[in-house]
Amino acid sequence: VIGGGWAGCVAAYALSAQGYPVVLHEAGTVLGGRARRVERSGLPIDNGQHLLVGAYASTLATLRSIHGQPGDPGLRRFPLVVAPFERSPGPLLEASALPPPFDLVGGFLRSRALAWRERIDAVRWLRGVARSQYRVPDGRTVDDWLSPLPAAVQRLLSPLALAAMNTSTDRASAAVFAHVLGRIAATRGGSDFLLPLLDLSELLPEPAARRIEARGGEVRLRSTARVAAIRDDGVEIAASEGTWVAAAAIVAVGPHQLAGALAPSIAQLPEVARATAQVGALAYEPTTTVWLGFRERLRLPVHLARLDDRPGHWVVDRHDVLERAQEAAQAQSLRGLLAVVISAGGPHDDLDAKALVGETHTQLRRLREEFPAPVWSQVIAERRATWSCVPGVSKPIAGRLADRLYLAGDYTDPALPATLEAAVASGERAAKALVDDTRPR
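These numbers come from a predicted model, not from an experiment. (Residues numbered from 1 in each chain as written. Predicted model: local features only at pLDDT ≥ 70, side-chain atom pairs only at ≥ 80, totals over all residues. Heavy atoms only, no water.)

## Some remarks on the overall build of the protein chain
Across its full length, the protein chain holds 15 helices and 20 strands. Summarising its shape, the C-alpha atoms of the protein chain cover approximately 70 × 55 × 45 Å along the three principal directions. Here the protein chain holds 441 residues, and 56% of them are scored as buried. Contacts in the protein chain between residues at least 24 apart in sequence constitute 69% of all its contacts with a sequence separation of at least 6. As presented, the protein chain carries roughly 18,500 Å² of accessible surface, and 51% of it is formed by carbon and sulfur atoms. For the protein chain, the distance from the average site of its 50 positive side-chain charges to the average site of its 46 negative ones is 4 Å. (Helix = DSSP H or I, 4+ residues; strand = E, 2+ residues; numbered from the N terminus. Buried < 20%, exposed > 50% of the residue type's maximum accessible area, 1.4 Å probe, protein only. Contact = heavy atoms within 4.5 Å. Areas by Shrake-Rupley, 256 points an atom, 1.4 Å probe, with all protein chains shown as cover. Lys, Arg positive; Asp, Glu negative; His and termini not counted. Charge placed at Lys NZ, Arg CZ, Asp CG, Glu CD.)

What follows is the structure in C-alpha cells.
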C-alpha cells in the first residue's frame, strides 16, 4: 500500500484483517496524510480540524474495530448546535432529540435566529428536499439551490455547506451538499458533531499501524515508493530502500501525487490513463488553522462556535491537546487553546502568519471585547487540503485500476466531498476489490 493517509491505513488494516501480509509505505515521518498530527513546541496539534458527523458510518465502524471499543472511541459526540461566539440569548440552530429528519425540522422550528415565517419556509424546503430523495441536478451551486429561501435561513445553511465541502458556496456543488444532508437524515444521530479526543494520527492511522504490525505486516515511514512495473507474477515496487515485488498494490496517495506514484509505462494503461487525466483536471482548496494559546482557561458557549467569517469561520476549544501534553503546556504557561478554522481560500491567503494571527485575535476581540490576548500561536495552512467540490467534477472511483493495481483516496468517492469518511470508505473498497480478485475460489 503506497500512502499512509487515512485511505491507505484503512486499506492496509482491512487487508491485514483478512490475513494478507501487508507493507505500508509512507513518505513522511507521521501517518495520517492530510489529516495528521503536527508537533509544535511539544504540543501534538493537528494540521487541520476535520469535523466528523454521526452519519459517517464507515469511519465509526472502522474506529470501533481498530480501538476494540463500542460507541465512538476517541471522539466526543455533541448534538448539532450552531451557536455564535459572541454573547447571544441562545444558539442560532440546535437539532432536537427527535429521530431524523425531525431533528433538523425541530431545530429550524426552534431557531431564535428566524422569524416564524422563515421557520416555516425552512421546514417546507427540507420537506421538498426529502421528497426529491436529496437529489439535485449536478450543474447547480449551493447558492443557486438555496436562493429561494429567506436570507436568514441561507445564513444558517451556507456555513454548514462550506464546512462540509471546503468550497465557497457560490461555486460548491448543490448535488454533493444534498447528498450529505441525505446521509444525515438517514441515520439517528446523523447530524451530531463528533470532535476528536486524540490527535488525528493517533485517532486512526497509528493504532491501525500497530494492528497491522501485530499481524505480521510492516509499516515503513520515510519510504517514498511507486509502482515501477506490473508483471505476470506481481507488481514491482521501487522504494527508497530498494526494489521488490509485491503480489498487488494499492495506491492511496493524494490526487496531486498520483502520477508520481506510477511509472510512465503503467500510466499509459487505459483505466490508469483515464484516472490520471481526471485527477489532472481537479482544482484544489486550502484550509487554514490558526492555533491560539492563552494563559487563561477559556470557556466557549459550545465546543464549536460560529464566527463572522472575517477571517475565521469557526472556533474550536482544543483544551484536550493541553491535557495530553501537560509538560509542554506548563512550559508555555498555557491553560487555554483554541483552533480558529478558515475554510477554502480568501484574502487571508495573502497574509503572513504574524498578520493572520493579529487579524484573528482582532476578530475574537470584536465579537467579545473582554477576550484575552494569546501568548502562543501557530498557523498551519494546507494548500491542497481538498479538491474543489464544484459541479460537474469527474473523478476516478476507488477499486481496481489494472491487473494487480488498485486505487484509494478521498477523491475517489462518487458522491461525497473530500472528507475522512470518503477516505475511509475508499480504503475499504480498494481492499475489498483486491481480496475479491485474489482470494482462491
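## A few points about the pairing of strand E17 (residues 336-343)
Where burial is concerned, most of E17 is hidden: eight out of the eight residues are buried. Burial along E17 is two-sided: the face carrying Gly336, Leu338, Val340 and Ile342 and the face carrying Leu337, Ala339, Val341 and Ser343 are both buried. As paired elements, strand E14 (residues 284-294) and E17 share eight bridges and run antiparallel to each other. Following the sheet pairing, Thr287 is matched in E17 by Ser343. (Pairing = 2+ DSSP bridges.)

## Side note on helix H9 (residues 205-214)
Burial in H9 covers these residues: Pro205, Glu206, Pro207, Ala208, Ala209 and Ile212. The elements touched by buried residues of H9 are helix H1 (6-17), strand E2 (37-40), helix H2 (57-67), helix H8 (200-203) and strand E9 (218-220). Where H9 ends, the next residue or the one after it, Gly216, has phi of about 95°, a positive value.

## A closer look at the packing of H1 against helix H15 (residues 420-438)
Running from amino to carboxyl end, H1 crosses H15 at an angle of 35°, the nearest separation of the two axes being 7 Å. Classified by chirality, the crossing of H15 by H1 is right-handed. Two secondary-structure elements touch here, H1 through Trp6, Ala7, Val10, Ala11, Ala14 and Leu15 and H15 through Leu420, Ala423, Val424, Ser426, Gly427, Glu428, Ala431, Leu434 and Val435. Partitioning the contact of H1 with H15 into residue classes produces 12 nonpolar, two polar and one charged. (Axes fitted to C-alpha atoms, helices over the stretch in contact; angles between N-to-C directions. Left-handed = near helix turned anticlockwise from the far one by under 90°. Nonpolar A, V, L, I, M, F, W, Y, C, P; charged D, E, K, R; others polar.)

## Quick notes on the environment of Trp6
On the secondary structure map, Trp6 appears in helix H1. In this structure, the C-alpha to C-alpha distance between Trp6 and Arg36, residues 30 residues apart in sequence, is 9.0 Å. Dropping the residues within four chain positions of it, Trp6 is found in contact with Gly32, Ala35, Thr59, Leu200, Leu203, Leu204, Pro205, Leu420, Ala423 and Val424. Here Ala35 takes part through its backbone oxygen, which lies 3.1 Å from a polar atom of the side chain of Trp6. (Polar contact = N/O pair within 3.5 Å; in protein donor to acceptor, adjacent residues only side chain to side chain.)

## Description of unusual backbone geometry
The omega torsion of the bond from Pro100 to Pro101 falls at 0°, within 30 degrees of zero and hence cis. With respect to the element layout, Pro101 can be found in the loop between strand E7 (93-94) and helix H3 (102-109). The linkage connecting Arg310 with the following residue, Pro311, adopts the cis geometry, with an omega of 5°. Here Pro311 shows up in the loop between strand E15 (304-306) and strand E16 (314-317). Phi is positive for Asp309, close to 70°, though the residue is something other than glycine. Overall, the relative accessible area of 35% leaves Asp309 in the partly exposed class. Of note, Ala344 is a non-glycine position whose phi angle comes to about 60°, a positive value.

## Section: helix H4 (residues 116-131)
Turn by turn, an α-helix covers 3.6 residues, leaving residues three or four places apart pointing in a common direction. In this model, H4 (16 residues) spans 23 Å end to end at C-alpha, consistent with the 22 Å of a helix rising 1.5 Å per residue. Residues Arg119, Ala122, Val123, Trp125, Leu126 and Val129 constitute the buried set of H4. One side of H4 holds all its buried residues, which, seen down the axis, span an arc of 160°. Opposite the buried face of H4, at more than 90 degrees from it, the exposed residues are Trp116, Arg124, Arg127 and Arg131. Gln133 sits one or two positions beyond H4 and adopts a positive phi of about 55°. (Expected span 1.5 Å × (residues − 1). Arc of directions from axis to C-beta.)

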